[in-house]
Amino acid sequence: MKNVFLTLALCASFSCMAQVFTVGSIEKVNIPVNANAKVAAISPQGDYLLLTDASNQGLAKYDLRTSTTTTLSTAPSAGYDVKISQDGQTVVYREASFDKNHLRHVALQSKNLTSGASQQLVAPTRDLQGVAVEGATAAYVNKGKMKAKALGTAKAAVPAPVLSINNRQLMITRDGKTTVFSPNGTDQSYIWESVSPDGTKALYFVMGHGTYVCNIDGTGVKKIGNMRAPKWWDNNTIVGMMDYDDGEAVYASTIVAADLNGNNQTLTDGSQIAMYPEVSPASGKIVFSTPAGEAYIINVTK
């Protein structure tokens with residue numbers, strides 16, 4: 001009965017009626033007991049997960065077909081904001097280190113999952129900001145300047161604008177120049193920023209207010225709701241979480257979806273503490289983690 005009341009409360013805060021997706025099934029992933037327990041990403045093809053621990057230390061590939069795990073990195077921050085190339089072959093991730101003065105530096109690495117070849121895209125720096133991967137091109141902002149590098153033998157493409165956070169402000173880098181973006185004002189704090197797949201819209205969360213979308217020029221600011229950790233599914237659909245805490249720990253969380261037409265939907269029933277969704281639109285999969293170190297896949301269609 002407790003779960004029933006909890007589900008009703010969660011649905012009341014984020015409508016359970018309007019359909020954004022058709023939910024087929026929710027499956028638990030049999031992650032090995034000794035593996036890192038938090039999902040950092042799912043491949044575009046939906047055939048493997050990237051796993052890290054609760055503090056984003058280390059990164060491992062978990063193959064959903066063979067149930068095998070391969071360690072990619074053991075470094076701090078390796079599981080933070082991981083990017084995967086569109087063909088699923090290359091992973092771009094951070095590695096944190098500390099100098100003799102205990103100052104934190106972050107390098108940007110890439111690894112080809114087929115050949116095992118690694119490449120350092122950015123040497124350890126104190127100023128790595130936004131990172132994006134488009135197709136086979138990695139774009140990154142370091143010391144306010146954007147550069148693009150090809151992942152593999154292809155020529156680097158001209159990247160779309162890259163969003164980043166600096167001193168709680170939302171920044172945008174385009175045409176090699178980084179400026180303050182912050183569409184809701186510079187008196188706000190921003191997090192969870194990303195550009196839509198077609199490069200025309202910005203998605204971000206304003207602390208204490210909720211999730212917003214606007215045009216890439218900063219116009220047309222629109223609140224999507226109070227979901228947290230939002231991710232683009234496509235150019236019109238967003239997936240996130242609705243979590244609740246008592247000041248010390250999260251006691252309830254569901255995975256939710258919304259579109260830019262005003263429709264919204266709760267995708268999980270509250271029986272798990274479902275957090276930090278990652279999406280694979282091409283395979284119709286949404287994956288989430290729980291604080292207990294479990295992972296689940298929601299199979300959906302649109």
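Reading the values: the criteria
- Residues numbered from 1 in each chain as written.
- Predicted model: local features only at pLDDT ≥ 70, side-chain atom pairs only at ≥ 80, totals over all residues.
- Heavy atoms only, no water.
- Salt bridge = Lys/Arg side-chain N within 4 Å of Asp/Glu carboxyl O.
- Buried < 20%, exposed > 50% of the residue type's maximum accessible area, 1.4 Å probe, protein only.
- Helix = DSSP H or I, 4+ residues; strand = E, 2+ residues; numbered from the N terminus.
- Core = buried A, V, L, I, M, F, W, Y, C linked by side-chain atoms within 4.5 Å.
- Contact = heavy atoms within 4.5 Å.
- Pairing = 2+ DSSP bridges.
- Phe/Tyr/Trp six-rings, centres within 6.5 Å; stacked < 30°, edge-to-face > 60°.

Asker: Tell me about the pattern of salt bridges, and please be specific about residues and values.
Answerer: For the coordinates displayed, the defined rule picks out eight salt bridges. For Asp81, the salt bridge is made with Lys83, and the minimal N-O distance between the two is 3.0 Å. The class of Lys83 is partly exposed, set by a relative accessible area of 23%. A salt bridge links Arg228 to Asp243, with the shortest nitrogen-to-oxygen separation between them at 2.9 Å. Of this pair, Arg228 sits in strand β20 (residues 228–234) while Asp243 is found in strand β21 (residues 237–245), placing the two residues 15 residues apart along the sequence. Judged by relative accessible area, Arg228 falls into the partly exposed class, the value being 26%. Judged by its relative accessible area of 15%, Asp243 is buried. Through salt bridges with shared partners, a single ionic network connects Asp47, Asp63 and Arg65.

Asker: Requested: an account of the nonpolar core, with residues and values cited.
Answerer: Formed by 17 residues in total, the largest nonpolar core has its most connected members in Phe21, Trp233, Val239, Ile255, Leu267, Ile286 and Ile298. Secondary structure elements with two or more residues in this core: β20, β21, β22 (250–259), β24 (275–280), β25 (285–289) and β26 (295–301). Broken down by element, the residue count for this core peaks at three residues, all from β26.

Asker: Tell me what's going on with the environment of Met275, and back it up with residues and numbers.
Answerer: Take Met275: it is sitting in strand β24. Spatially, the C-alpha atoms of Met275 and Val39 are 9.6 Å apart, while their sequence positions differ by 236 residues. Sequence-distant contacts of Met275, defined by excluding residues within four places in its chain, comprise Met241, Asp243, Val250, Ser253, Ile255, Phe288, Ser289 and Pro291.

Asker: Quick one: what's the story with the pairing of strand β7 (residues 90–98), residue by residue and with numbers?
Answerer: Sheet analysis places strand β6 (residues 83–84) next to β7, joined by two bridges and oriented antiparallel. Directly across from Ile84, in β7, lies its bridge partner Val91. As paired strands, β7 and strand β8 (residues 104–112) are joined by nine bridges and run antiparallel to one another. Among the inter-strand pairings, Tyr93 is bridged to a residue of β8, identified as Gln109. Adjacent in sequence and paired antiparallel, β7 and β8 are bridged by five residues, among which His102 carries a positive phi angle near 65°.

Asker: Report on the packing of aromatic side chains, specifying residues and quantitative values.
Answerer: The full count for this structure, using the stated rule, is five aromatic pairs. Centre to centre, the rings of Phe21 and Trp233 are 4.9 Å apart; their planes meet at 75°, and the pair counts as edge-to-face. Remark: Trp233 occurs in strand β20 and Phe21 occurs in the loop between α1 (2–13) and β1 (22–29); sequence separation between them is 212 residues. Here the two residues Phe21 and Trp233 agree in accessibility, since each one is buried.

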